Every structure is written in structure tokens, then in C-alpha cells.
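These are the residues of each chain, in order.
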Amino acid sequence: MDTNVIIAIVAVVVIAAILVIGGWWLGKTRKNAVDKSTEDAKAKADARLAAEAKSAAADSSTVKPSVDSNVDAAEKAPAESQQKSSAQASSSETAAPAPATEAKPEPVHETPESAGTRMQRLKARLSKSGNPFGKALFNILAKDQLSEADWEDVEDTLLLADVGAEASEQLVEELRNDARIAGQSDPAEVRAALKDKLLKLVGTDTDRRLNANKEGANKPSVIIMVGVNGTGKTTTAGKLSRLLVSEGKQVMLGAADTFRAAAADQLETWGAKVGVPVVRSDKDGADPASVAFEASAKAKEENADVLIIDTAGRLQNKANLMDELGKIRRVTEKNLPVDEVLLVLDATTGQNGMTQAKVFAEAIGITGVVLSKLDGSAKGGIVISVQKELGVPVKLVGLGEGPDDLAPFDPEGFVDGILA
């Protein structure tokens, strides 16, 4: 190795050693200086504190408490103690009546409208609706000397109102042979003749009572609600519970529509307003028959007057869904007999509703029909055709969107309404 390189390395090492030793010496010197200044400051602080303590002791020795102040203090002490005790006693007396836990307020339930008032509203709404077929018939029949074209208009009006072909032909024939309409027509007589014929078709002698309201009805009486999607079936079940509550009955609802997530919640909302309990599944998509079984067992246990079981809306051409309705009925009847199966039909669907009705009648058996959305409809003739085709009565009609817009069907009120 070159001598110059060795000398350079040695020089670098020496310089580094000098720098390290110098840094250590400076650090030690600085630390000694800091320690000395800290000790000096502490000594000064101790001396100041000692002087302050000595001065305070001297001041306290020169001041003596007076006898009067001691007496005042002694007299005030019992008085203050008495005031404190009386204040404590007063506060304890004030706090004593307060209960340990506050009672929860009882829920306020609505009072549903009576059935009689509902029918009066039905008649009023029908008379104010846009185009009841009865008005159209009257306007034609009130003409003098009806022509063949007029009679064709009468039949067309009946068909458009979904009266049905057979019933329409029968009504036209009876009107043609009525002396009150032939020749010079008196409007009052025409109206009377038309009312008589329509009442005959609608049926005035039919027993339209719910089976739960008949003598010797089972208790609990079970009602199963069926229908296609969109007819207002769950809403009708809730409204029916209100109607039965207005009649003084103890009602229970079974939420067997487990396919539609909001169906059970919807029923609970209806039930909560009038104090009607709802039996439902804890999860969506549960077996509807199991819910129906549980609801029937619960209604039997609590001795309810009526159990209303809501079912899922379904298409009439889906065989598996229709079979499920039969299963719901069979499972329910293991606990309670099923007294009523109500088919909910949308009055505005007309003859399409008739197709639905026939399939449901075959699948589960129908004891009555509920026509929703009847008010304001020009298709009120569905009342006549559905009864003629199925041989079961229209028992209830929906009047509108309100909670009490469901009423027992009254033939005279219905005919009066559409002819008003």
C-alpha cells in the first residue's frame, strides 16, 4: 500500500478521535453547568418558601378571635342545622309521592264507522259517480216509441257494464214486455220499471250476511281472503277487521301472505289502529300454511270471535300457487273449521274478474265475493254476472280508499245509487 494512503487514513482516524473526545467533553461540561444552575434555583426557592412561612406564622399570632364572634358562630350553628334539616324534610315530603316507575300510556284505538253509515255513503257516492250504467239505461228507456236501434243501445250498455250476455238478453226481453216502457213513456214509471228489473237481477232475497254473523256460527269463525295481485286483498282484510270490530267482535288477523315483504307490516298497521292482534312469521318467505296453522291455534286458544287469514295474491293460471291455497285451508281445518272464503275482485276489471273467480272457486271453494273499487265504476254490472256465474252472493263492497270504506252489500242501496 502506498505510504501516502496510509498517512491519510491515520490522519482521518486521529481527526475522528479528536472530534469524538471533544464532543464528549463539551457534553459533560454542559451537563455540569445545567446541574449547578438547577441546584442554585432550588436553593433560592427553599429560602423564599421558608421566609413566607415565617411571616405567616407571625401574622397569625398577633390576631385573636373575639368572644362575640365565637358566640355568634355557636348561635348560628344550631339555626343553620335546623334550617338544613327542615329543608331536607320538605324536599323528602315533596319527592315522596313520585312513583318509582312511570306507567306507560294505554294506546288509543280508533272507533270504526258503523255499517249503516257506510251504506249511506255508498249510495251517495254511486249517485255522484261519473257514469253508472243505470243512468245510461234510463236515458235511453225514457224516450218515446223506442226503436230497434234504441233496444240495441240498451243491450250494448248492459254488455259494456259487464252484466254478461245471458243476463243482458234476459233484461232486454223483460223490459220490452213491460207496459210501463212501451208507447208514451212516463219517466217516473220507466225508472220504477228499470229499478224492479235490476233488483230482480241483483237479487233481494239472497242471504248476504257473513257466516260469522249467522246464528250458530262457529267460534272462532275463520275467514280466508283470496284473490289475484292488485285487487286490494290485504287492504280489504284490514278494513274487514275494522268492520267486525265496529260490530263488537273480538278479531284476530293471520298474515299468511309471506311472499310480499310488506304484507304482514301492512296488516299490523291496520290491526294496531283498532286493537286487533296479528299472527305473523318472523321471516319473509316462510311457509304460508304454517302461519295459517299457528294463527288458527292462537285464535282457538284466545277464544276470538273471528280469525281473518290473508293469503298471497296469485295468478289464476299458476297451478302450484292455487294448490297452495288448498293446503292453507286443509292445515287450518286441523284446528278450526273454515266458515268463509271471500274472493276479492276489482270491480273495474269486468269480465276478466269472472275468469279469475271461476278458477278460485274450483281451487278452494268460495262462499262470497268482495267487490273493491265499486264506487265510480261504470262496470257495476259485474255484481249481476259474478253472482249468476258462481252462484255465490256479493257480500261486501269497497267504497274508496278510506279505512272505513268497506260495507255490507245492499241491493236496494246499490240500485238506487246507480239510478240516482
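These numbers were taken from a predicted model, which means no experiment stands behind them.

Before going further, it helps to spend a moment on the nonpolar core. One broad rule of soluble globular proteins: the nonpolar side chains tend to lie buried together. Counting residues in each nonpolar core, the largest one holds 71 residues, and the members touching the most others are Leu-141, Val-154 and Leu-371. With seven residues, the single largest contributor to this core is helix α7 (residues 187-202). Residues contacting Val-154, with those up to four places away along its chain left out, are Leu-137, Ile-140, Leu-141, Val-172 and Leu-175. One finds Leu-243, Leu-267, Val-306 and Val-344 within the second-largest nonpolar core, a separate group that totals 23 residues.

Put simply, α7 and helix α14 (residues 411-419) touch, their axes get as near as 10 Å, and they point 140° apart. Relative to α14, the element α7 is oriented oblique. Note on packing geometry: the crossing formed by α7 with α14 is right-handed. Note on element contacts: α14 touches α7 through Pro-411, Glu-412, Phe-414, Val-415, Asp-416, Ile-418 and Leu-419, opposite Arg-191, Leu-194, Lys-195, Leu-198, Leu-199 and Val-202. Residues belonging to the contact of α7 with α14 are distributed by class as follows: nine nonpolar, no polar and four charged.

Turning next to the UniProt feature "transmembrane region" (unreviewed entry) in the protein chain. Residues given the UniProt feature "transmembrane region" (unreviewed entry) here are residues 6-26. Secondary structure within residues 6-26 divides into 100% helix and 0% strand; the distance between the first and last C-alpha atoms comes to 30 Å.

Another aspect to go through is the pattern of salt bridges. Following the criterion strictly, the structure yields 21 salt bridges and no others. Between Asp-265 and Arg-280 there is a salt bridge, and its shortest N-O distance comes to 2.7 Å. Of this pair, Asp-265 sits in helix α9 (residues 263-274) while Arg-280 sits in the loop between β3 (278-279) and α10 (288-302); the two residues are 15 residues apart in sequence, bridging distant segments of the chain. Of the residues examined, Asp-265 reaches a relative accessible area of 40% and is grouped as partly exposed. Among the salt bridges present, the one from Glu-389 reaches Lys-358, with a minimum N-O distance of 3.6 Å. Of this pair, Glu-389 sits in helix α13 (residues 382-390) while Lys-358 sits in helix α12 (residues 351-364), and the two are 31 residues apart along the sequence. Assessed through its relative accessible area of 48%, Glu-389 is described here as partly exposed. On the basis of relative accessibility, which here comes to 39%, the residue Lys-358 falls in the partly exposed class. Salt bridges sharing partners connect three or more residues here, namely Asp-178, Arg-180, Asp-196 and Lys-197.

What counts, and at which threshold
Residues numbered from 1 in each chain as written. Predicted model: local features only at pLDDT ≥ 70, side-chain atom pairs only at ≥ 80, totals over all residues. Heavy atoms only, no water. Core = buried A, V, L, I, M, F, W, Y, C linked by side-chain atoms within 4.5 Å. Buried < 20%, exposed > 50% of the residue type's maximum accessible area, 1.4 Å probe, protein only. Helix = DSSP H or I, 4+ residues; strand = E, 2+ residues; numbered from the N terminus. Contact = heavy atoms within 4.5 Å. Axes fitted to C-alpha atoms, helices over the stretch in contact; angles between N-to-C directions. Parallel < 35°, antiparallel > 145°, perpendicular 65-115°, else oblique. Left-handed = near helix turned anticlockwise from the far one by under 90°. Nonpolar A, V, L, I, M, F, W, Y, C, P; charged D, E, K, R; others polar. UniProt positions renumbered as here; feature names shortened; annotations may be inferred. Salt bridge = Lys/Arg side-chain N within 4 Å of Asp/Glu carboxyl O.

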